[in-house]
Structures are given as structure tokens and as C-alpha cells.
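Residue-level structure breakdown
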Amino acid sequence: MTTKLKGAWSTHLGKRKPSNEDAVFFGGECLFGKSMEDPETVELDGADWLLGVADGVGGHNAGEMASRTCVEAMVGLEEVMPQTVDSLLKKLNREIFEKSEADEELAGMGTTVAGVGFGGEKLFAFNVGDSRVYRFHAERGLERVTKDDSLVERGDDKDRTPLPFAPSNVITQALGGRKTFKDIKPNLYDLDAEEEALYLVCSDGLNDMVEDDRMEEILRDTDAANNLEKAAEALLAAALVGGGRDNVSIVLAPYSPENCGVKSKGGGWLSRLFGGGGR
């Protein structure tokens, strides 16, 4: 069955960075190397799909190169399953490291990545680093799906030694980003494919500037599922008002099992909550 999914995306320079090293991907499309004036609607049409963000790090154009390498590979993945995404991320870790070794200007480049995937009637999330996936549900509110690969969240994990990033946010995993090669362990999370939910994927430029409670309030107040661009615009504005210290990337997508050929648990809460008669 062909999947039809409509979303919104935005990637923005922020207020303090000289360039945008973030990138976004949605189905077969990706965007990198620019700062968007306004969020845009984006659609996909296919049996399997991936969507998400990548947050590059490194000097000169190195971070942009790392995130671009990542998103171009993600949109090119033909069979979307947890195991194929796991394999691709491990392959990208080596590819990005080898590119950084071969060019002094790219030395130490790396990228985080986070996203949501659907294939074989399986819905799942994934991340490497501190980019995040959130799930917004009518009854439960905003829930964080992913756990950051950082010293703050994972503590002293001997298998995940810190990378030489900013001391305020010590990341323990990324694709590349090291002087010597080290294998990674991508984080994969099973999601309920029978449940409607609104998914938010973002770089830390959003969640470092905006508290989770405020993000939930914005999603409710903007009637997010029916106004994806408006919701993404409000989230971006909140990040900039909060300081805009980093690049900000956002992907919003309301998931419906019926649109993906999956039997629903019932409820149709997206239409009830965000539609004309549910509020």
C-alpha cells in the first residue's frame, strides 16, 4: 500500500551561528545549506518512509558536509526497517569519519541524527547524539521518545566515551566527530503503529531554548495537526525568543495508521482534537 503523509519542516540559522549546519529530510526530499525564512509544507508518497533532522558539527563547512552526507543517505534508503536504519547509521559513521580523515578542512566533522521511520507495518524512532523525537498525544500530551547520547542523560557509560564537543553539552555518540574511529550503537525505539500521534523531530537548537511544557502548549494552541506550518513557525519563534544560540531544525508529521495501511485501535483523536467539533 502506498503511504501518504503530509508534514512541515524548517531549518534556521538562529541568532548567533555564522552558518547553518543542520539539515532535514522527509521521504525522498532533503534540505541543507540554507536558512529558511518560513516553515514549509512537505509531502511524501511511498510504502516506506523516513523523516528527521541532522545536526552537524565541525569547523568551516565540515558540519554542513556531515549533515548533508547523512540526510542524502537517509532519503536514499530503499528498504526502511529498524535493522536497515541501524546498518546505515553504522555505515555513515565510518563514511563521515573517513571523509574527515582525508581532508584537513573536514577534520573532526560529525553529525547527530534523529527521526521516525515506517516500513513493513513497523513504526519506529531512532537517534544518535542529542537530536530528539517527541510524540504528541491528545490524552498524554507531549512525550519524549528518544534519550540523548550525552553525559547528562547516560552518565558514565564506558561504551560511549565523550566527544570533544562544547563542554555545556558533552555528547557521547555522533556519526563521525572523533580523531580516531569508534563504532557506534544507534538507539532504536519501537512505536505503536496502531496509534495516531503527532511526531516532532528537532535539533537541540529547539529543545535547548524551549522547555517541553512550552512546546506542548504551542502544539495545542496552534491546532498543530491542522496547521503544521503555523505550529512549526511558533516553535521556531519560541526558540529565537529564547536566545537562538544554535541552528534550529524542526520536522512535524501527524501519523495516522489508516494512511499507512495499518489497522487502527480506533479513536481518530487527531480529527477530534484538532478538527471542528473536538475542542
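Each residue is numbered by its place in its chain's sequence as written, counting from 1. Where local features are concerned, this predicted model is filtered to residues with pLDDT of at least 70; where side-chain atom pairs are given and counted, the filter is 80 or more; whole-chain, interface and lining totals use all residues. Processing note: side-chain calculations cover all non-hydrogen atoms of the structure and skip hydrogens and water entirely.

Our focus in this paragraph is the confidence of the model for the chain. For the chain, mean pLDDT is 90; residues scoring 70 or higher make up 88% of the total. Every residue carries a pLDDT, the predictor's confidence in it, which falls somewhere between 0 and 100. Working rule for contacts: check all heavy atoms of both residues, and any pair within 4.5 Å makes them a contact. A low-confidence stretch, residues 273–279 (pLDDT under 50), is modelled with 19 contacts involving residues beyond four sequence positions or located in other chains.

As summarised here, the arrangement of the six strands in space is β4-β1-β13-β12-β8-β9, forming an open sheet in which the pairing is antiparallel. Since the sheet does not close on itself, it has two edges, and those belong to β4 (40–46) and β9 (141–144), each with one partner. Going from strand to strand, the sheet's axes swing by 25° on average, the running direction of each strand aside. Each pair of strands is called paired provided DSSP finds at least two bridges between the two strands. Secondary structure elements are taken from DSSP: a helix is a run of H or I of four residues or more, a strand is a run of E of two residues or more, and numbering for both begins at the N terminus. One ladder, built from six bridges, connects strand β12 (residues 197–202) with strand β13 (residues 248–255); its direction is antiparallel. Orientation is described by lines fitted to C-alpha atoms, with helices fitted over the stretch in contact, and by angles between N-to-C directions that extend from 0 to 180 degrees.

A word on the pairing of strand β1 (residues 3–12). Walk down a regular strand and you will see the side chains alternate between the two sheet faces. Burial status follows relative accessibility: with a 1.4 Å probe on protein chains alone, a residue under 20% of its type maximum counts as buried, one over 50% as exposed, and anything between as partly exposed. For β1, the tally of buried residues reaches eight of ten residues, placing the bulk of the element in the interior. Bridge count between β1 and β4: seven bridges; the pairing is antiparallel. Opposite Ala8, over in β4, you have Thr41 as the bridge partner. Relative to β13, β1 is paired through five bridges, and the arrangement is antiparallel. Of the residues in β13, the one forming a bridge with Ala8 is Leu252.

A few words on helix α1 (residues 62–75). Multiplying 1.5 Å by the residue count of a helix minus one yields the expected span of that helix. Spanning 14 residues, α1 covers 20 Å between terminal C-alpha atoms, matching the ideal 20 Å at 1.5 Å per step. Among the residues of α1, Ala62, Gly63, Ala66, Ser67, Thr69, Cys70, Val71 and Met74 are the ones counted as buried.

Moving on, we get to a negative patch on the surface. On the surface, a cluster of negative charge is made up of Glu37, Asp38, Glu40, Glu229 and Glu233. Structurally, Glu229 is set in helix α6 (residues 228–241). The partly exposed category is assigned to Glu229, whose relative accessible area is 35%. Each patch is assembled from residues with relative accessible area greater than 30% and no salt bridge, linking like charges that lie within 9 Å and nonpolar side chains (Val, Leu, Ile, Met, Phe, Trp, Tyr) that lie within 5 Å. Only the protein chains shown count as covering a residue, and every accessible area follows the Shrake-Rupley method with a 1.4 Å probe. We define a salt bridge as a side-chain nitrogen of Lys or Arg found within 4 Å of a carboxyl oxygen belonging to Asp or Glu. Charge assignment in this entry is limited to Lys and Arg as positive and Asp and Glu as negative, and neither His nor the chain termini are counted. Charge positions come from single atoms, namely NZ of Lys, CZ of Arg, CG of Asp or CD of Glu.

Looking now at the nonpolar core. The criterion is simple. A nonpolar core is a set of buried Ala, Val, Leu, Ile, Met, Phe, Trp, Tyr and Cys residues joined through side-chain atoms within 4.5 Å. Phe26, Trp49, Leu51, Val116, Leu123 and Tyr255 are the most contacted members of the largest nonpolar core, which has 29 residues in total. Core analysis: the second largest hydrophobic core is formed by 25 residues, Tyr134, Ala224, Leu228 and Leu252 among them.

Attention now moves to the packing of aromatic side chains. To pair, rings of Phe, Tyr and Trp, with the six-membered ring standing in for Trp, must have centres within 6.5 Å; the planes then decide the type, stacked if under 30 degrees apart, edge-to-face if over 60, and tilted in the middle. Across all of its chains, the model carries four aromatic pairs by this definition. With centroids separated by 6.3 Å and ring planes inclined at 40°, the aromatic side chains of Phe124 and Phe126 adopt a geometry described as tilted. Pair check on accessibility: Phe124 and Phe126 agree, each one buried. An aromatic cluster is present here, built from Trp49, Phe118 and Tyr255 joined pairwise through their rings. Throughout this description, the term charge over a ring refers to an Arg CZ or Lys NZ atom that lies within 6 Å of the ring centre and within 35 degrees of the ring normal. Against the face of Phe181 rests Arg94, its NZ or CZ located 3.9 Å from the ring centre.

Opposite charge on two side chains lets them pair, provided their charged atoms get close. Applying the stated criterion across every chain, the model contains twelve salt bridges. For the salt bridge of Arg140 with Glu195, the shortest nitrogen-to-oxygen distance reads 2.9 Å. Taken together, the residues span a long stretch of sequence, with Arg140 in the loop between β8 (132–137) and β9 and Glu195 in the loop between β11 (187–191) and β12 at a distance of 55 residues. Relative accessible area serves as the criterion here: at 41%, Arg140 is assigned to the partly exposed category. Judged by its relative accessible area of 15%, Glu195 is buried.

Moving on, we come to the pairing of strand β5 (residues 49–57). Counting buried positions along β5 gives eight out of nine residues, so the element sits mostly inside the fold. Of the pairings in the sheet, the one linking strand β2 (residues 22–26) to β5 comprises five bridges and is antiparallel in character. In the strand pairing of β5, Asp22 is matched with Asp55. Relative to strand β6 (residues 110–119), β5 is paired through nine bridges, and the arrangement is antiparallel. Residue pairing for β6: Gly52 is matched across the bridge by Gly115.

Now for helix α2 (residues 82–102). Taking 1.5 Å of rise per residue, the 21 residues of α2 would be expected to cover 30 Å, and the 30 Å separating its terminal C-alpha atoms lies within 8% of that figure. Those residues of α2 that fall on the buried side of the exposure criterion are Pro82, Thr84, Val85, Asp86, Leu88, Leu89, Leu92, Asn93, Ile96, Phe97 and Ser100. Structurally, α2 contributes buried residues whose contacts are with β5, α1, β6, β7 (122–128), β10 (175–176) and β11.

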